[in-house]
Amino acid sequence: TEMGSTLNALAVTVQYIPDEEPYRFGQPLYQYLKMAIPNFGLSASLEYDREVLYQRLISDPSADLELQPGDWASWKIIPGSFVAGAGTGFSGIADPYFSFGYAGVCVWFIVLGAFLAKMDMVDIRLNYKWLIFSSLFYWHLLVSCRNTLGIFTKPASLVLCVLAIWIAVRNFLPFGRPNQPGM
């Protein structure tokens, strides 16, 4: 009943894939990584703009094979509102299914479960690397259960860019250099 319910997106995904459309075999993961790279320049990239996507979909119906999962679900569920930017959201279960089917769902949740189990066993107050990860990236991972993995990769890449800039700049500041033995 709710337009953005994850069950609706999951049901539509299972309905169409693989019966009417093929699995995407990692194409969304490639798109997420491609979109994670910050846009350096004076103009914004319009490659994933809804108007541009709509024009491609109208001229070539097979263009829906190139849509990101969230856009694909919006196009299938509410095509009339697609151009206006309306969306349905997606599902953390449908995302691996969209690319790899049931095997993808099993692998994704086994890996995610093992990772979260490992994180749960570590006292993050005493382990610097896990503390940094949980402080900077864990909250992005939480929202991926309600949406695609792209919801994690974009902000995580921006955080990594900021960290890289900070590490590079701190070497030029007298108070920002790490203590080195013998100095």
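Before reading on, note that the structure itself is shown above.
In this report, we go over the structure that sits alongside the text. The structure displayed is predicted, hence computed values, not measured ones.

### Description of the packing of aromatic side chains
Going through the model one piece at a time under the given rule, you end up with eleven aromatic pairs. Arranged with centres 5.4 Å apart and planes meeting at 35°, the rings of phenylalanine 115 and tryptophan 130 form a pair that is tilted. Of the two residues, phenylalanine 115 is situated in helix α5 (residues 94–121) and tryptophan 130 in helix α6 (residues 128–136); the sequence distance between them amounts to 15 residues. Under the relative-accessibility criterion, phenylalanine 115 is labelled partly exposed at 28%. One aromatic cluster is present, built from ring pairs that chain together Tyr16, Trp72, Phe90 and Phe98. In this arrangement the basic side chain of lysine 76 is found over the ring face of tyrosine 16, its NZ or CZ atom lying 4.6 Å from the centre. The cationic tip of arginine 170 hangs over the ring face of tryptophan 166; the distance from NZ or CZ to the ring centre is 5.2 Å.

### Quick word on the nonpolar core
With 18 residues, the main nonpolar core has Ile17, Leu57, Leu67, Trp72 and Phe90 as its most contacted residues. Listed by contribution, the elements that provide at least two residues to this core are α1 (6–16), α3 (50–59), α4 (69–77) and α5. In contact with leucine 57, other than residues within four places in its own chain, are Ala63, Asp64, Leu67, Trp75 and Phe82. Core analysis: the next-biggest nonpolar cluster, separate from the first, contains seven residues, Phe137, Leu149, Phe152 and Ala156 among them.

### A short note on a nonpolar patch on the surface
Among the surface-exposed residues, Trp139, Leu142, Val143 and Ile151 lie close enough to one another that they form a single nonpolar patch of about 380 Å² accessible area. By the element assignment, valine 143 lies in the loop between α7 (138–142) and α8 (150–170).

Thresholds, definitions, all that
- Residues numbered from 1 in each chain as written.
- Predicted model: local features only at pLDDT ≥ 70, side-chain atom pairs only at ≥ 80, totals over all residues.
- Heavy atoms only, no water.
- Phe/Tyr/Trp six-rings, centres within 6.5 Å; stacked < 30°, edge-to-face > 60°.
- Helix = DSSP H or I, 4+ residues; strand = E, 2+ residues; numbered from the N terminus.
- Buried < 20%, exposed > 50% of the residue type's maximum accessible area, 1.4 Å probe, protein only.
- Lys NZ or Arg CZ within 6 Å of the ring centre and 35° of its normal.
- Core = buried A, V, L, I, M, F, W, Y, C linked by side-chain atoms within 4.5 Å.
- Contact = heavy atoms within 4.5 Å.
- Patch = residues over 30% accessible without salt bridge, like charges linked within 9 Å, V, L, I, M, F, W, Y side chains within 5 Å.
- Areas by Shrake-Rupley, 256 points an atom, 1.4 Å probe, with all protein chains shown as cover.
- Salt bridge = Lys/Arg side-chain N within 4 Å of Asp/Glu carboxyl O.

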